[in-house]
Amino acid sequence: ITAGIVDVRNSNPFDFLIGQNVRSKLPQRFFNELKSRYGNQFYVREEGEDVAIGKAMEAIETCLRRPNGCSIAPGLSNDLWTYTIATSVVGGLIAGIAANNGSRSSSNEPGFSLRWTLIYSPLWGILFGAFGLEPILRRTSDLVPVAANTCVFLAASVAAYLSVPFLFTRTPEQESDLDSR
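The present account deals with the structure reproduced in this document. Note that the structure is predicted; figures quoted are calculated from it, not measured. Each residue is numbered by its place in its chain's sequence as written, counting from 1. Selection of residues for local features in this predicted model requires a pLDDT of at least 70, selection of side-chain atom pairs for listing and counting requires 80 or more, and totals for whole chains, interfaces and linings are taken over all residues. Excluding hydrogens and water, the side-chain figures rest on all heavy atoms present in the structure.

We call a set of buried Ala, Val, Leu, Ile, Met, Phe, Trp, Tyr and Cys residues a nonpolar core when their side-chain atoms join them within 4.5 Å. The buried label applies to any residue whose accessible area, calculated with a 1.4 Å probe on protein chains only, is under 20% of its type's maximum; exposed applies above 50%, and partly exposed to all values in between. Counting residues in hydrophobic clusters, the biggest one holds 18 residues, and the most contacted among them are Phe16, Leu26, Phe30, Phe31, Leu34 and Ile60. Numbering of helices and strands starts at the N terminus; helices are DSSP runs of H or I of at least 4 residues and strands are runs of E of at least 2. Looking at this core element by element, the count peaks at 5 residues for helix α4 (residues 49-65). Among the nonpolar cores identified, the runner-up in size contains 7 residues, and Trp124, Phe128, Val146 and Phe153 belong to it.

Written as structure tokens, this is what we have:
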């Protein structure tokens, strides 16, 4: 870094002037993410300027020590983890509903449908894989968030799978009403 400027008059106190040697290891988007994560007014207000500056400098130091640098800022913010949990839940719900779609017998017992699970796999796969796991795996080597997201995905899948007969099943009265029309 040629110079790191802290300007307390702005809503975001960080303004990085990046030298050519640093740019080869840390691209502009790395610094943009640092600015948005540690320099936003909410983080600075809650944690204080000293903590924000310290965290940003710690991330820069960590990435400069890596042989290939970093393409994104390391660490997992609470907001990002909440987002990944939410997308894992939605992906699990879609996977569970798809798995119990179309193969039920007339007795309304749940039946696993691999065909429908695979048909909907691009949707639940992107939600769980690309939005639920990938941001975590790129930012940290900690396996606890990965395990938590996987458990949440599986729990949502099972809950949705088991609830399909109760949510989408017609009673005999409803069937007879449809037949009489």
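So, about helix α2 (residues 28-38). The set of residues buried in α2 consists of Phe30, Phe31, Glu33, Leu34, Arg37 and Tyr38. In a view along the axis of α2, the buried residues occupy a sector of 155°, so they form one face of it. Buried residues in α2 make contact with β2 (14-17), α1 (20-23), α3 (41-47), α4 and α7 (121-139). The directions considered for the arc run from the helix axis to the C-beta atoms. Contacts are assigned to residue pairs that have any heavy atoms within 4.5 Å of one another.

This next bit is on the pattern of salt bridges. One side-chain nitrogen of Lys or Arg within 4 Å of one carboxyl oxygen of Asp or Glu is enough to make a salt bridge. Here the structure, examined in full by the defined rule, presents 4 salt bridges. One salt bridge in this structure joins arginine 65 and glutamate 61, with 2.8 Å as the shortest N-O distance. Highlighted residues: arginine 65 and glutamate 61, both in helix α4, separated by 4 residues, approximately one helical turn. Accessibility expressed as a relative area gives 66% for arginine 65, which makes it exposed. You can call glutamate 61 partly exposed: its relative accessible area is 42%. Between arginine 138 and glutamate 134 there is a salt bridge; the shortest N-O distance is 3.5 Å. Taken together, the residues arginine 138 and glutamate 134, both in helix α7 and 4 residues apart, mark about one turn of the helix. Residue arginine 138 is classed as partly exposed on the basis of its relative accessible area of 42%.

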